[in-house]
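Chain by chain, the residues:
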Amino acid sequence: MKKDISIIGVPMDYGQTRRGVDMGPSAIRYAGMNTRLEALGYTVHDEGDIKVEIKERADVDKNTNLKNLAAVASGNEQLAARVEEVREQDRFPLILGGDHSIAIGTLAGVAKGSENLGVIWYDAHGDLNTAETSPSGNIHGMPLAVSLGIGHPVLLNIGGYTPKIKPENLVIIGARSLDDGEKELIKEKGIKVYTMHEIDRLGMTQVMKETIDYLSGTDGVHLSLDLDGLDPDDAPGVGTPVKGGISYRESHLAMEMLAEADMVTSAEFVEVNPILDQHNKTAEVAVALMSSLFGDKLL
């Protein structure tokens, strides 16, 4: 990995309806992220946060059922530009969320100029919904579909191009809550998914070996890690917890194997909600997993 890391916070909670995830970047910083990364020998450049206007409610667009479309698009346009600047400085972009809708901007920034960016989507959810398939209209359930070139034109054109990624360069790990439309899209596009059934059956070591091998021909890999991918017992401070998730130790193993593979070129950690957390436990988990991803070892 690049030894220079740029941290970008995105205090965005307009992609869903439970307030509080906008404080995620602050909670992760408070959990000692910078100190942990610097102790591993990295130079950390904290670029601060994207400016997101905080209101009780974002403006309503009567032409769509997507909630807070303009606010989400605005934040992601800013993020895409900032991430692209970080890449031009030859630094590793590390993004702190915020809800998972921010992945639209992250991928718009990291995928620009890449023909075959690999993506690991570590999440309880597929985030492959569209306006037509979403039960809620929450955009945090749509960033992966948008990045594949499926969705509302305003979101598709963030960064000035679409699609950002290819379905054959994508692996979803930890899925256990998929809507019917998402299941159909997964089958239609041939997306590689390791549900909790596969993780239980194969074990995390085999899942990660297969994932690393599957993405070995890409131009680098972006890791998008939603803390609700972990079991709520280990990461309680998330907006959409789903029981029966990946354990804390399994997640460390996954990060350690990615560190050994030396293939991750950008990453984001999202959906930390301090209001729903227990003594900042989930933010501390996020920092611990980052530490493993960047090469921290027991011995």
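The preceding data block contains the structure.
The notes below deal with the structure included here. (Residues numbered from 1 in each chain as written. Predicted model: local features only at pLDDT ≥ 70, side-chain atom pairs only at ≥ 80, totals over all residues. Heavy atoms only, no water.)

**What about the packing of helix H9 (residues 204-214) against helix H10 (residues 248-261)?**
Working step 1: Where H9 meets H10, the axes come as close as 10 Å, and the angle between the chain directions of the two elements is 30 degrees. Between H9 and H10 lies a crossing of right-handed hand. Residues Met204, Thr205, Met208, Lys209 and Ile212 of H9 form the contact with H10, whose own contacting residues are Glu250, Leu253, Ala254, Met257, Leu258 and Ala261.
Working step 2: The class makeup of the residues in the contact of H9 with H10 is eight nonpolar, one polar and two charged. (Axes fitted to C-alpha atoms, helices over the stretch in contact; angles between N-to-C directions. Helix = DSSP H or I, 4+ residues; strand = E, 2+ residues; numbered from the N terminus. Left-handed = near helix turned anticlockwise from the far one by under 90°. Contact = heavy atoms within 4.5 Å. Nonpolar A, V, L, I, M, F, W, Y, C, P; charged D, E, K, R; others polar.)

**Observations concerning the environment of Ala108**
Working step 1: Residue placement: Ala108 occurs in helix H4 (residues 103-110).
Working step 2: Sequence-wise, Ala108 and Leu299 are 191 residues apart; in three dimensions their C-alpha atoms are separated by 37 Å.
Working step 3: If near-sequence neighbours (up to four positions away) are discounted, Ala108 is found in contact with Ala80, Ile158, Gly159, Tyr161 and Lys164.

**Digging into the pattern of salt bridges**
Working step 1: Considering all chains together, one arrives at eight salt bridges under this definition.
Working step 2: Asp90 serves as the salt-bridge partner of Lys2, at 3.7 Å between the closest nitrogen and oxygen. Highlighted residues: Lys2 in the segment before strand S1 (4-10) and Asp90 in the loop between helix H3 (69-88) and strand S3 (92-97), separated in sequence by 88 residues.
Working step 3: What makes Lys2 partly exposed here is its relative accessible area of 35%.
Working step 4: With its nearest N and O atoms 3.1 Å apart, the salt bridge here joins Arg91 to Glu47. Taken together, the positions of Arg91 in the loop between H3 and S3 and Glu47 in strand S2 (residues 43-49) put the pair 44 residues apart, joining distant regions of the chain.
Working step 5: Taken together, the salt bridges that share partners define one network made up of Arg29, Asp46 and Asp49. (Salt bridge = Lys/Arg side-chain N within 4 Å of Asp/Glu carboxyl O. Buried < 20%, exposed > 50% of the residue type's maximum accessible area, 1.4 Å probe, protein only.)

These figures capture arrangement, not role.
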